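# Structural description and commentary
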Amino acid sequence: MPKGHTATAPAGSGGLKATEHRLANGLRVVLSEDHLTPVAAVCLWYDVGSRHEVKGRTGLAHLFEHLMFQGSKQVEGNGHFELVQGAGGSLNGTTSFERTNYFETMPAHQLELALWLEADRMGSLLAALDDESMENQRDVVKNERRQRYDNVPYGTAFERLTALAYPDGHPYHHTPIGSMADLDAATLEDARNFFRTYYAPNNAVLSVVGDIDPEQTLAWIEKYFGSIPGHDGKPEPRDGTLPDTIGEQLRHVVEEDVPSRALMAAYRLPQDGTRACDAADVALTILGGGESSRLHNRLVRRDRTAVAAGFGLLRLAGAPSLGWLDVKASAGVEVPAIEAAVDEELARFAAEGPTAEEMERAQAQLEREWLDRLGTVAGRADELCRYAVLFGDPQLALTAVQRVLEVTAEEVQAVASERLRPDNRAVLVYEPVDKAADGQPTDSDDQEEGTDQ
């Protein structure tokens, strides 16, 4: 039986515990008992995302996520979904820049089924991967791109801003959805090589959280995953580091059939896992995190130049994070007026810093969001995997709340002063046009692609 160690979280995380183990083939296992409800969550993170892709084969990580639901050696076709849902569970998978994850939440007495299913496709997917399943899921992903990106208002905003914020050739320059041309170009052999390279136990972290017997759970994991061989040929992802600031304002105007004018911007912010990133999270919460935020109060309530104004953080571990500004203009309002007000508010915040009341409110909001996440078995399983894969230590998930609460007003002001400037952003301006008049397609955004069945 693999050995492990236990760690307990400090105050702020409810005394949650997690134990860590490693199989002989390299699979990392994290367990966390929670007997509040008779359910168990299984989460499996593979250390592969769109940042690992090469030019000409974008979208392969997301395509393969879909292929993982197309059957394996002992589970045909849609059987993975059918077996989990038939047992009263739920499941899905998603792809991001930095990882691909698969997850099930099961009645506790059905935990063994979920573990067997995940092990079967990790160990034997190639036995079922053929031209038919490849073509089927290629069409599914292309249709997903049409529905979520190409044919909805503001659909390609995230893709456009990412391409502006990260230079050509950077591993984060393209988004997980990939291009139509690259999806068409992907071959069955590309998919098979991708699986052999990245879908190995020593490139994965498995977490199980909930109403579990740790000893029995480990025995099942060893039984089903232990014989799967590791793979040592994985290339390291390309370097994603960039200067702290862009150095200039990058700008693109999009004329499309959208409901209203919009101002969107991406600011280059500190990488995830740093104290400066936590400070940026607090800053963006004060500036644009809800109806009590500065930008909402200024643009929506006071000036009435916008119908919505938000500012959020996309945390990234392998490249600078992005501060995502999204403002939808009121009817008849021009974007320059909104942009001037945004710059005025950001400059004032950088010069004066947050008030004590704003710090307390923002940190309480972030604390609640973190505790809500850790309070569910599925959310905790996901966070344990995230910190294990991206930062090497799943226990960091249990101390994240405390780190946010330790951020000072001076640190928040400093990151705003250094980063929330006009010369450190990529800007996207949407101008509505008459679709019938110019024949342009409409365009949504998401940094994480999922599998829907």
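Report follows, based on the coordinates. Owing to the predicted nature of the structure, the values given are computational and were not obtained by experimental measurement.

### Here's the deal with unusual backbone geometry
- Of note in this structure, Tyr154 is not a glycine but carries a positive phi near 60 degrees.
- The topology assignment puts Tyr154 in the loop between helix 4 (131-150) and helix 5 (157-165).
- Its identity is not glycine, yet Arg304 carries a phi of approximately 55 degrees, on the positive side.
- Take Arg304: it is sitting in the loop between helix 10 (294-302) and strand 10 (306-314).

### Concerning the layout of surface pockets
- Estimated volume of the second largest pocket: approximately 330 Å³.
- Along the walls of the second largest pocket sit 18 residues, with Lys55, Thr58, Asp168, His173 and His174 positioned nearest its centre.
- Of the residues assigned to the lining of the second largest pocket, the class counts are 3 nonpolar, 9 polar and 6 charged.

### What about the packing of helix 9 (residues 275-288) against helix 12 (residues 356-375)?
- For the pair helix 9 and helix 12, interaxial distance at closest approach is 9 Å and the crossing angle is 110 degrees. As judged from the angle between their axes, helix 9 and helix 12 are roughly perpendicular. Only Glu358, Met359, Ala362, Gln363, Gln365 and Leu366 of helix 12 make contact with helix 9, whose side of the interface consists of Asp281, Val282, Thr285 and Ile286.
- Of the residues that constitute the contact of helix 9 with helix 12, the class distribution is 5 nonpolar, 3 polar and 2 charged.

### What to know about the pairing of strand 5 (residues 90-95)
- Of all 6 residues that make up strand 5, 5 are buried, and the element is covered over most of its length.
- As paired strands, strand 5 and strand 6 (residues 100-107) are joined by 6 bridges and run antiparallel to one another. Each bridged residue has a counterpart across the sheet, and for Thr95 the counterpart in strand 6 is Thr100.
- Two successive antiparallel strands, strand 5 and strand 6, enclose a turn made up of 4 residues.

### Topic: the sheet that holds strand 11 (residues 321-329)
- Taking strand neighbours across the sheet as the criterion, the 5 strands line up as 8-12-9-11-10 in an open arrangement whose pairing is mixed. Two strands in the sheet have a free side with no partner beyond their single neighbour: strand 8 (250-256) and strand 10. The mean angle between the axes of side-by-side strands here comes to 10 degrees, regardless of whether they run parallel or antiparallel.
- Where strand 10 and strand 11 come together, 8 bridges link them in antiparallel fashion.

Definitions and cut-offs
Residues numbered from 1 in each chain as written. Predicted model: local features only at pLDDT ≥ 70, side-chain atom pairs only at ≥ 80, totals over all residues. Heavy atoms only, no water. Helix = DSSP H or I, 4+ residues; strand = E, 2+ residues; numbered from the N terminus. 1 Å grid on protein atoms, 1.4 Å probe; cavity = no way out; pocket = protein on both sides within 12 Å on 5 of 7 lines; lining within 4 Å. Points joined across faces, edges and corners; volume = space filled by probe spheres on them. Nonpolar A, V, L, I, M, F, W, Y, C, P; charged D, E, K, R; others polar. Axes fitted to C-alpha atoms, helices over the stretch in contact; angles between N-to-C directions. Parallel < 35°, antiparallel > 145°, perpendicular 65-115°, else oblique. Contact = heavy atoms within 4.5 Å. Buried < 20%, exposed > 50% of the residue type's maximum accessible area, 1.4 Å probe, protein only. Pairing = 2+ DSSP bridges.

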